[in-house]
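# Summary of structural features
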2 protein chains.
Amino acid sequence: MRNIEDCTIGITGLGLMGGAIAKALRTQCGVTQERLLACDKDSETLNAAFKTELIGRGYDTGGAGEMLALCDIVFLCLNPSSILRFLDQWKDSFKNGCLITDIAGTKESIAAAAEKFCAYRKNAASSSVSASTFMDGGIDFIPGHPMAGAEKGGFKNSDLCNFNLKNYILTPISCNKPENMELLQKLIRKMGFSRVTEVTPQEHDRKIAFTSQLCHVIAAALIDCENDMEITRFGGGSFEDLTRIAMLNAPMWTELFTENRAALLARIDQFEKSLDDLKTLISGDNTEALEKRLTLVRDRRTAMSNK
Amino acid sequence: MRNIEDCTIGITGLGLMGGAIAKALRTQCGVTQERLLACDKDSETLNAAFKTELIGRGYDTGGAGEMLALCDIVFLCLNPSSILRFLDQWKDSFKNGCLITDIAGTKESIAAAAEKFCAYRKNAASSSVSASTFMDGGIDFIPGHPMAGAEKGGFKNSDLCNFNLKNYILTPISCNKPENMELLQKLIRKMGFSRVTEVTPQEHDRKIAFTSQLCHVIAAALIDCENDMEITRFGGGSFEDLTRIAMLNAPMWTELFTENRAALLARIDQFEKSLDDLKTLISGDNTEALEKRLTLVRDRRTAMSNK
């Protein structure tokens, strides 16, 4: 296994999560400023990151190839569709033997693209005349999803992401090497994440449709149906907790919702069914049945907390 | 206006909120142990409160009358239906001139009972032979709702209630005296609440149906439709935030839901309409319209935060 200290690490997309990962790598994982590079469309962000000694060098979008040629590990911190485009555009620029991971909130399309990309690079390496390139064994790409966002976006808000004791999901693909999986897991835990779960991309997308996307749709619907701008006078915590995430990054969530459409719609239907059941109980006179259902909910949620 | 320091204060129901109010009165409002009394059905709670020097004396349910005879201010910290029963049972035991308030999460029935109760005591005082009793001017009752609960109940969890910078709703009735309103507001602010709003009981119940009850129904429905007990592995904050309140006190919330049934059902319908609109947008191909709607939601929620 490679030593993290010997690796040059590149971040593509120094936004909320890219920025937070960069900071965690520098402060928690022993990555030096020189060995941390970043690529972003916004030159002001890159300048700020360099001036605060976060990164050794910033590259604009056109300079991504130059950065990738130096990187042993690459974090793709872009929206799902941008990741797919980036991979396609720079497919020949990644350094042989490098380990790629990403942070996208949907994984099926990313994992499929990762499989395809690794196969492409493996073929390119084996057809190459250079024996050393072949020995490097191409590229590895382990799709991932750090479960630690924040309702405000951009590099300037990246301190709002707290990785401590949070979840991280990995959706390995067929070609992933055990030593790379070990290296990435080590890095993730050093960043502060405590629970790393490996599942298939399909399983990830089904679960996330519930824990993340459905919750965002519900928060949005709650705000959508209320037009009293002083409603927070009547808040006691529940309203604030349920609608904080309604301050969402609209373009990103539009993409996540449509990307995972089928799973999300199925989850909305299940939720609506439960909501209708509760509505029926509330409208009826059988308070005993309502109390029983609420007790089951309470017990289930409490049991979930202990896992 | 009376000085808070000269008042003997009684708490009926030393549960989560009664306990939290008792602690705030002692630590924030200069109320001495001797002047703070409590009545509860659980003798262990009363003993614990006395031993920790929180209250001067505890009274079991049968001893409520003895306590009430001493109290200048009474906080009724019971479920709505228990408040109505308590008022009826002890209607002649409250000290003349005393100020009553309550903490119930629905206010229409409480306010109606308060009006009736104050009228009853006013009549009783004016028909009394004692001139001094008449001079006391009967009883005052200002219905209230501290918006600062917690998902775990009982006195032992009362430290979980944090009143700092929270909302407090008052729903005054026709007979409330300005000096009593001033005294109660002073007490509320000393306890830590920063925003005190006066509205009609009807307005309170309509708003709370949205900010509190609908949010609890949604949290319950979310848990109701998920049976993976390890789902928190896939949580990134949204799921946890939206379902924390699913760990609800089932008997109390059954009462609050049914007590405020009409307003709550109307709010569920509105929410379902918005959810259906979003579902339609997600299932369709017009991502631009979806993004536009989410942007409106984001902007509205952000504007609400600034109020």
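This write-up is about the structure you can find in this document. (Residues numbered from 1 in each chain as written. Chains lettered and ligands numbered in written order. Predicted model: local features only at pLDDT ≥ 70, side-chain atom pairs only at ≥ 80, totals over all residues. Heavy atoms only, no water.)

### Quick word on helix H5 (residues 108–126) of chain A
Residues and elements named next belong to chain A. In this model H5 runs 27 Å from its N-terminal to its C-terminal C-alpha over 19 residues, within 8% of the 27 Å that 1.5 Å per residue would give. All buried positions along H5 are accounted for by Ile-110, Ala-111, Ala-113, Ala-114, Phe-117, Cys-118, Arg-121 and Ala-125. Along the axis of H5, the buried positions cluster into a sector of 160°, meaning they face one direction only. Looking at H5, the residues exposed on the side facing more than 90 degrees away from the buried face are Lys-116 and Asn-123. (Helix = DSSP H or I, 4+ residues; strand = E, 2+ residues; numbered from the N terminus. Expected span 1.5 Å × (residues − 1). Buried < 20%, exposed > 50% of the residue type's maximum accessible area, 1.4 Å probe, protein only. Arc of directions from axis to C-beta.)

### Some points on the relation of the copies chain B and chain A
The transform that puts chain B on chain A rotates by 180° and translates by 0.0 Å along the axis, for an RMSD of 0.0 Å. The superposition of one copy onto the other is thereby described by a two-fold rotation axis. (Least-squares fit on C-alpha atoms with pLDDT ≥ 70 in both.)

### Some details on unusual backbone geometry
The phi angle at Glu53(A) is positive, at roughly 60°, despite the residue not being glycine. Position of Glu53(A) among the secondary structure elements: in the loop between helix H2 (43–51) and strand S3 (57–59).

### Some points on the side chain of Asp241(B)
Of note, Asp241(B) is situated in helix H9 (residues 238–243). Among residues more than four places away in sequence, those in contact with Asp241(B) are Asp241(A), Leu242(A) and Arg244(A). (Contact = heavy atoms within 4.5 Å.)

### So, the sheet that holds strand S5 (residues 99–102) of chain A
Residues and elements named next belong to chain A. If you walk across this open sheet you meet the six strands as S3-S2-S1-S4-S5-S6, and the pairing is parallel. Looking at strand neighbours, the two that pair on one side only are S3 and strand S6 (140–142), the edges of this open sheet. For this sheet, the mean angle separating the axes of adjacent strands, direction not counted, is 20°. Along the sheet face, helix H1 (residues 16–28) touches strand S1 (9–12), strand S2 (36–39) and strand S4 (73–76) and points at about 160° away from the line of S1. Contacting S5 and S6, H5 crosses the sheet at an angle of about 170° to S6. (Pairing = 2+ DSSP bridges. Axes fitted to C-alpha atoms, helices over the stretch in contact; angles between N-to-C directions.)

### Some remarks on the interface of chain B and chain A
Taken together, the contacts link 86 residues of chain B with 86 residues of chain A. The interface formed by chain B and chain A contains 12 salt bridges. Here chain B is connected to chain A by 44 residue pairs in polar contact (both at pLDDT 80 or more). Taken together, the elements giving at least two residues each to the side of chain B that touches chain A come down to strand S8 (167–170), strand S9 (195–198), helix H8 (201–224), H9, helix H10 (250–259), helix H11 (261–283) and helix H12 (287–305) of chain B. Ranked by residues supplied to the side of chain B that touches chain A, first place goes to H11(B) with 16 residues. In terms of residue class, the side of chain B that touches chain A is built from 41 nonpolar, 21 polar and 24 charged. (Salt bridge = Lys/Arg side-chain N within 4 Å of Asp/Glu carboxyl O. Polar contact = N/O pair within 3.5 Å; in protein donor to acceptor, adjacent residues only side chain to side chain. Nonpolar A, V, L, I, M, F, W, Y, C, P; charged D, E, K, R; others polar.)

### Details of the nonpolar core
By size, the foremost hydrophobic cluster in this structure holds 66 residues, and its most contacted members are Phe271(A), Leu294(A), Phe271(B) and Leu294(B). With residues up to four places along the chain from it excluded, the contact list for Phe271(A) reads Leu214(A), Ile218(A), Ile218(B), Ala221(B), Leu222(B), Cys225(B), Phe271(B) and Leu275(B). (Core = buried A, V, L, I, M, F, W, Y, C linked by side-chain atoms within 4.5 Å.)

### Re the packing of aromatic side chains
We describe a pair of aromatic rings using the distance from one ring centre to the other and the angle between the two ring planes. Taken as a whole and assessed by the stated rule, the structure comprises 15 aromatic pairs over all chains. Note on Phe86(A) and Phe94(A): the rings are 6.3 Å apart at their centroids and 80° apart in plane angle, and the pair reads as edge-to-face. In this pair, the class of Phe86(A) matches that of Phe94(A), namely buried. Between Phe210(A) and Phe239(B) the ring centres are 5.7 Å apart and the planes differ by 50°, which places this aromatic pair in the tilted class. Here Phe210(A), found in helix H8 (residues 201–224), pairs with Phe239(B), found in helix H9, and the two come from separate chains. Phe239(B) shares its class with Phe210(A); the two are buried. (Phe/Tyr/Trp six-rings, centres within 6.5 Å; stacked < 30°, edge-to-face > 60°.)

### A word on the pattern of salt bridges
One side chain can pair with another of opposite charge once the charged atoms of both are near each other. One pass over the full model with this rule turns up 34 salt bridges over all chains. Residue Asp228(A) pairs with Lys207(B) through a salt bridge whose shortest N-O separation is 2.6 Å. Linking Asp228(A) in the loop between H8 and helix H9 (238–243) with Lys207(B) in helix H8, this pair reaches from one chain into another. The residue Asp269(A) makes a salt bridge to Lys279(B) at a minimum N-O spacing of 2.9 Å. Remark: Lys279(B) occurs in helix H11 and Asp269(A) occurs in helix H11 (residues 261–283); the pair is interchain, linking two chains. The class of Asp269(A) is partly exposed, set by a relative accessible area of 40%. Classification of Lys279(B) by relative accessible area gives buried; the value is 18%. Among the charged side chains, a network of salt bridges with common partners joins Glu203(A), Arg206(A), Lys207(A) and Asp228(B).

### Focus on the sheet that holds strand S9 (residues 195–198) of chain A
Residue and element names in this part refer to chain A. Strands sit in the order S7-S8-S9 across an open sheet of three strands; the sheet is mixed. Looking at strand neighbours, the two that pair on one side only are strand S7 (144–147) and S9, the edges of this open sheet. Averaged over all neighbouring strand pairs, the angle between strand axes comes to 15°, with direction disregarded. Note: S7 against strand S8 (residues 167–170), four bridges, orientation antiparallel. From the neighbouring strand, Pro-146 faces S8, where its bridge partner is Tyr-168.

### Considering the packing of H11(A) against H8(B)
One can describe the packing of H11(A) onto H8(B) by two numbers: an axis separation of 8 Å at closest approach and a directional angle of 125°. Relative to H8(B), H11(A) is oriented oblique. Crossing of H11(A) over H8(B) shows right-handed handedness. Residues Phe271(A), Ser274(A), Leu275(A), Leu278(A) and Ile282(A) of H11(A) form the contact with H8(B), whose own contacting residues are Val217(B), Ile218(B), Ala220(B), Ala221(B), Leu222(B) and Asp224(B). Residue composition of the contact of H11(A) with H8(B), by class: nine nonpolar, one polar and one charged. (Parallel < 35°, antiparallel > 145°, perpendicular 65-115°, else oblique. Left-handed = near helix turned anticlockwise from the far one by under 90°.)

### Some details on the state of the cysteines
Applying the stated rule across the entire model yields zero disulfides over all chains. Cysteine Cys118(A) is unpaired, with the sulfur of Cys175(A) as its nearest cysteine sulfur at 3.8 Å. (Disulfide = S-S within 2.5 Å.)

### Focus on the pairing of strand S4 (residues 73–76) of chain B
All names here are of chain B. Both faces of S4 are covered, namely the face carrying Ile-73 and Phe-75 and the face carrying Val-74 and Leu-76. Across four bridges, strand S1 (residues 9–12) lies against S4 in parallel orientation. Residue Ile-11 lies in a different strand from S4, and its bridge partner there is Phe-75. Pairing between S4 and strand S5 (residues 99–102): four bridges, direction parallel.

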